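Below, each chain spelled out in residue letters.
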Amino acid sequence: MLNTVHALSLEPLYRRRVFHSTRKVDCHAQVANELAEHDLFWKGDDVDTVLFKAAIQQLQIFMLKYGAEVIVRPRPFNGFALVHMTLSGSAEIESDGRKVCIPQGQTALIAPKRNLRLWWQAGSEQLILKVPLALFEELRAIGQCGPVEVPSVFLLPEQAAPYWDLLIQSLLRVLALPAQGAEQGQWVQHFERSAAQFLLSQLTSTVEPVHACTAGQRAASESADSLVGAGKLQRLDMLERYIRSRLCAPLALADLAGAAGVSVRALNALCHQQYGVAPMDLLRNIRLDAVRERLLTHPGANITDTAFEFGFGHLGRFSAYYRERFGELPKQTRSVTR
């Protein structure tokens, strides 16, 4: 549960619900539309996803909860950074090989250039501020100190948290105000710039992120790191590229390990850490995603032919896997596009 301060300050945002769903496929599509394209891996079926969103002027503010434990791998952001504040539970962010854990009450800024992985504990709630990089550039142009390039990930120091909370509460309270005129618009712009200025003032190009992981999280992380070393995200990219280039080919676990350049044991540990599933389950999920994309973009596609094309030789198991992943049968997906 949120504390009283957060519950009161979030009330204006809670009036702006985008969606609430217990269907995995709806959750994925809605969040991708609002934030960024991503791969989503569910660890468990306790899906209770809700997304709230409010646009101020240049900034957008969200509250997102998945319900179940999830691993998210977004594409690199296009022209914006995200500020994640954990309202309940805990989360872990790994961006371009740098990792931070953000327990309840802490905040991290992320702007990945190559790779991003997010892990959210079951029930975790995140307040997310979407900041255009152009706003940082505007402030630097008028003399605001800060790095030329926003770092891939940065954990806000604990001593800065009370000031950041105050800025966020001010932005949230703006949402409860009546429609803005020209003068009020300038005043609201001041609040947005203050938040961005504060972030820039906290950033330096040399500060390493704080690894605030719990003992259990740290042990699991170090175990995988010792197996694959610092290039683990690059190895996962190699694996994904290999799978996507061979969606219809018969592949064994040894083939996947060879493509990633690691042992079978190391690949198994890495996939469980990064995706929450075994390597062969990852292969199946990527193939299922390809089937769904084909059915959505080609309404006349034959389901049996499509299943065979993407490596599924047993139609009964294919339908069961598809329903488990997307909450509906292939024929229901196809009927939506007609």
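Residues numbered from 1 in each chain as written. Predicted model: local features only at pLDDT ≥ 70, side-chain atom pairs only at ≥ 80, totals over all residues. Heavy atoms only, no water.

### With respect to the side chain of arginine 325
- Considering the arrangement of structural elements, one finds arginine 325 in helix H13 (residues 315-326).
- Here arginine 325 is in contact with Lys24, Leu40, Asn285, Leu288 and Asp289, once residues within four sequence places are set aside. (Helix = DSSP H or I, 4+ residues; strand = E, 2+ residues; numbered from the N terminus. Contact = heavy atoms within 4.5 Å.)

### Comments concerning the packing of helix H11 (residues 279-297) against H13
- The contact between H11 and H13 brings their axes to 10 Å, and the two run at 85°. As summarised for this structure, H11 and H13 are arranged roughly perpendicular, according to the angle between their axes. Together, Arg284, Asn285, Leu288, Asp289, Val291, Arg292 and Leu295 of H11 and Phe318, Tyr321, Tyr322, Arg325 and Phe326 of H13 make up the contact between the two elements.
- Across the contact of H11 with H13, the residue classes break down as seven nonpolar, one polar and four charged. (Axes fitted to C-alpha atoms, helices over the stretch in contact; angles between N-to-C directions. Parallel < 35°, antiparallel > 145°, perpendicular 65-115°, else oblique. Nonpolar A, V, L, I, M, F, W, Y, C, P; charged D, E, K, R; others polar.)

### With respect to unusual backbone geometry
- Of note in the backbone geometry, aspartate 96 takes a positive phi value of approximately 55° without being a glycine.
- With respect to the element layout, aspartate 96 can be found in the loop between strand S7 (90-95) and strand S8 (98-103).
- Aspartate 96 sits in the buried class, given a relative accessible area of 11%. (Buried < 20%, exposed > 50% of the residue type's maximum accessible area, 1.4 Å probe, protein only.)

### Things to note about the nonpolar core
- If you look at the biggest cluster of nonpolar residues, it comprises 40 residues, and the most contacted ones within it are Leu13, Ile61, Leu127, Leu129, Phe136, Trp164 and Leu171.
- At the level of elements, strand S3 (49-55), strand S4 (60-65), strand S6 (80-88), strand S11 (125-132), helix H4 (133-141), helix H5 (161-174) and helix H6 (182-202) are the ones that each hand at least two residues to this core.
- When residues of this core are assigned to their parent elements, the largest contribution, seven residues, is made by H6.
- In this view, leucine 127 contacts Leu10, Leu13, Ile61, Phe62, Met63, Val83, His84, Met85, Leu87 and Ile168; residues no more than four positions away in its chain are not counted.
- One finds Leu247, Leu283, Ile286 and Phe310 within the second-largest nonpolar core, a separate group that totals 37 residues. (Core = buried A, V, L, I, M, F, W, Y, C linked by side-chain atoms within 4.5 Å.)

### Some thoughts on a nonpolar patch on the surface
- Together, Leu253, Val264 and Met280 make up a nonpolar patch on the protein surface, roughly 200 Å² of accessible area in all.
- If you trace the backbone, leucine 253 turns up in helix H9 (residues 253-260). (Patch = residues over 30% accessible without salt bridge, like charges linked within 9 Å, V, L, I, M, F, W, Y side chains within 5 Å. Areas by Shrake-Rupley, 256 points an atom, 1.4 Å probe, with all protein chains shown as cover. Salt bridge = Lys/Arg side-chain N within 4 Å of Asp/Glu carboxyl O.)

### Overview of the sheet that holds strand S10 (residues 116-120)
- If you trace the five strands from one edge of the open sheet to the other, you get S2-S5-S10-S7-S8, paired in antiparallel fashion. The two strands at the open ends of the sheet, each matched to only one other strand, are strand S2 (38-43) and S8. Geometrically, the sheet is characterised by an average inter-axis angle of 15° between neighbouring strands, direction not taken into account.
- Both S7 and S10 contribute to a ladder of five bridges, which runs antiparallel. The partner of serine 95 across the bridge, within S10, is leucine 116. (Pairing = 2+ DSSP bridges.)

### Topic: the sheet that holds S4
- Pairing is antiparallel across the open sheet formed by seven strands, whose spatial order is S1-S3-S4-S11-S6-S9-S12. With partners counted over all chains shown, the strands left at the sheet margins are strand S1 (17-21) and strand S12 (153-155), one partner each. Geometrically, the sheet is characterised by an average inter-axis angle of 15° between neighbouring strands, direction not taken into account.
- Where S4 and S11 come together, six bridges link them in antiparallel fashion. Opposite isoleucine 61, over in S11, you have leucine 129 as the bridge partner.
- Contacts from H4 reach S6, strand S9 (107-110) and S11, with the element oriented near 55° to S11.

Everything listed here is a matter of geometry and, on its own, says nothing about what the molecule does.
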